[in-house]
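What follows is each chain in one-letter form.
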Amino acid sequence: MANTISLETSSGFGRWLAGHNASLVVSGYQSGQVFVIGTSREGKAQLSAIRFDRAMGLNHGPRGLWMATLSQLIHFVPVRPPPGKRSEHDFIFVPQCSVPTGYIDAHEVAVDADGRPLVAASFFDSVLSVDAERGAAPVWAPPSVSHLVAADTCHVNGICLDKGRLRFVTALASGGEENGWRQHHDRGVVFDAVTGKTLATSLIRPHSPRLHEGRLWLLQSGNGTIGHVRSGQLLEMTLCPGYPRGLAFLGDAAVIGVSRLRDSGSGADLPLASRLRRERIQSRCGVVVLDTRSGRPFHEAYFGDGVDEIFDVVVLKGVKNPKLLKPGSAEAARSYLFRKGTPETGMRRPARITKDPKGRVSLT
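The rules behind these values
Residues numbered from 1 in each chain as written. Predicted model: local features only at pLDDT ≥ 70, side-chain atom pairs only at ≥ 80, totals over all residues. Heavy atoms only, no water. Pairing = 2+ DSSP bridges. Helix = DSSP H or I, 4+ residues; strand = E, 2+ residues; numbered from the N terminus. Axes fitted to C-alpha atoms, helices over the stretch in contact; angles between N-to-C directions. Phe/Tyr/Trp six-rings, centres within 6.5 Å; stacked < 30°, edge-to-face > 60°. Buried < 20%, exposed > 50% of the residue type's maximum accessible area, 1.4 Å probe, protein only. Arc of directions from axis to C-beta. Contact = heavy atoms within 4.5 Å. Salt bridge = Lys/Arg side-chain N within 4 Å of Asp/Glu carboxyl O. 1 Å grid on protein atoms, 1.4 Å probe; cavity = no way out; pocket = protein on both sides within 12 Å on 5 of 7 lines; lining within 4 Å. Points joined across faces, edges and corners; volume = space filled by probe spheres on them. Nonpolar A, V, L, I, M, F, W, Y, C, P; charged D, E, K, R; others polar.

J.: When you look at the sheet that holds strand S10 (residues 117-121) in this model, what are you seeing that I'm missing?
T.: Through backbone hydrogen bonds, the strands of a sheet pair up, either in parallel or in antiparallel fashion. With antiparallel pairing, the 4 strands of this open sheet are ordered in space as S9-S10-S11-S12. Each of the sheet's edge strands pairs with one partner strand only, and the pair in question is strand S9 (106-111) and strand S12 (135-140). Between one strand axis and the next, the sheet turns by 30 degrees as a mean value, whatever way the strands run.

Quick look at the structure:
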């Protein structure tokens, strides 16, 4: 199926990515795939896809890429292809560990200053820290939640760190009956996890809170817009050509994931549906790039048939054309990461094996 998926881009999209020495990873939970958008040496956009069980939140940092799936977190470490081996890829993301979580309805994932993965666990109305040896532990929950119970009353979905510490959390409701957020579209909230205050209310399906250049940005998915929070209000900028979910920044550009709006069910009742009809815009699935200063979109990349919904998008800075290896694949089984001494920060490079005259092996 991965070979049949097409990518339609605006003119110059590949050159724009290559010019920033960057690439994108997009999670398509509905299609069960993760999409990697890189560029060739000629500056043309290249698409690859790998199947995962319900790929959701993504996080890229100095030590690699984290991905939340149906019942586990997966950690990938970027390494350069071995010296002397011809490859179209500048980095290979090799799976290094997976942490079982069980089904917690994991949404976004982040990594704090201590290196702990944090997960927005919608099923348990909380943010959990996940540890391979000790399991999961609650880090934060909305004021209405007093016990760790599988109730999904708030549908906690987005988390944002500030200087490596949990700071902002989005949810589709502040509390109430189990799955109550499904019946009411306009009860979304943004919480300040440090002060305990509610920063904004009455939002329509908020997602993807992000701090960028001193502002708290987020997507009001049910209204189809991106904006930033100021004085308790969301100042909206741009109408997206689809259901926005997944937000990353590259300089002055915001990269937004958009999904096709469902024709039936709750999607048809959202304000976004009437706005798109009024503007005669057909919703599509892919990414839109806009200027954060003007709100003007200037690039887009859309998937072909077979991909209708995505959840998250991350920018891989300093990586032009990555390759993502699936855990358990034959290529992953033949990939090795050797390091010397303590783990380095930043991109890890393959170590070279050397032997002294007595045949003793060392890593350099």
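J.: Is there a simple way to think about the sheet that holds strand S19 (residues 225-230) in this case?
T.: The strand order S17-S18-S19-S20 describes an open sheet built from 4 strands, whose pairing is antiparallel. Each edge of the open sheet is held by one strand with a lone partner, namely strand S17 (206-212) and strand S20 (233-239). Strand-to-strand twist of the sheet, defined as the mean angle between neighbouring strand axes without regard to direction, takes the value 30 degrees. As paired strands, S17 and strand S18 (residues 215-220) are joined by 5 bridges and run antiparallel to one another. Counted as the bridge partner of Leu211 is Leu216 from S18.

J.: Can you walk me through the packing of aromatic side chains in this structure?
T.: Each aromatic ring pair is specified by the distance between its two centres and by the angle formed by the two planes. Throughout the structure, instances matching the rule amount to 8 aromatic pairs. Between Phe13 and Trp16 the ring centres are 6.3 Å apart and the planes differ by 35 degrees, which places this aromatic pair in the tilted class. Remark: Trp16 and Phe13 occur in helix H1 (residues 13-19); sequence separation between them is 3 residues, near one turn of the helix. On the accessibility criterion, Trp16 (13% relative accessible area) is buried. Ring plane angle 75 degrees and centroid distance 5.5 Å describe the contact between Phe123 and Phe124, whose orientation is recorded as edge-to-face. Phe123 gets classed as partly exposed once you look at its relative accessible area, which sits at 28%. Among the aromatic residues, those joined into a ring-pair cluster are Phe13, Trp16 and Phe298.

J.: It is not clear to me how helix H2 (residues 271-279) should be interpreted in this structure. Could you clarify?
T.: Since one α-helical turn is 3.6 residues long, residues separated by three or four positions face the same way. Every buried residue belonging to H2 is among Leu272, Ala273 and Leu276, and all of these are buried. Here the buried residues of H2 occupy an arc of 105 degrees about the axis, which is enough to place them on one side. Along H2, exposed side chains directed more than 90 degrees from the buried face belong to Arg277 and Arg278. Its buried side turned inward, H2 meets S20 and strand S21 (243-250).

J.: What should I look at first to understand the pattern of salt bridges in this one?
T.: Close approach of charged atoms lets side chains of opposite charge pair. Tallying each qualifying case throughout the model produces 14 salt bridges. Here Arg54 ties to Asp105 by a salt bridge, and the two come within 3.1 Å at their closest N and O atoms. In this pair, Arg54 sits in the loop between strand S4 (45-51) and strand S5 (58-61) while Asp105 sits in the loop between strand S8 (91-100) and S9, placing the two residues 51 residues apart along the sequence. A residue is classified by how much of its surface remains accessible, and Asp105, at 6% relative accessible area, is buried. Here Asp114 makes a salt bridge to Arg165, at a shortest N to O gap of 2.9 Å. A residue pair is termed long-range when its members are at least 10 positions apart, and Asp114 in the loop between S9 and S10 and Arg165 in strand S14 (residues 165-171) qualify at 51 residues. The network of salt bridges with shared partners includes Glu108, Arg210 and Asp312.

J.: How should I be thinking about unusual backbone geometry in this particular structure?
T.: Negative phi is the rule for most residues except glycine; trans is the rule for most peptide bonds. In this structure, Asp125 takes a positive phi of about 50 degrees despite not being glycine. Along the chain, Asp125 turns up in the loop between S10 and strand S11 (126-131). In this structure, Ser231 is a non-glycine residue whose phi angle is positive, near 55 degrees. Take Ser231: it is sitting in the loop between S19 and S20.

J.: Please clarify how the layout of surface pockets should be interpreted in this entry.
T.: Counted as a void, the largest pocket has a volume near 670 Å³. Asn59, His60, Arg210, Leu247 and Ala248 are, among the 24 residues lining the largest pocket, the residues nearest its centre. Listed by contribution, the elements that provide at least two residues to the lining of the largest pocket are S5, S9, strand S13 (156-162), S17, S21 and strand S25 (312-317). Among the elements that take part in the lining of the largest pocket, S25 stands out by supplying 5 residues, more than any other. For the lining of the largest pocket, the residue count by class is 16 nonpolar, 4 polar and 4 charged.

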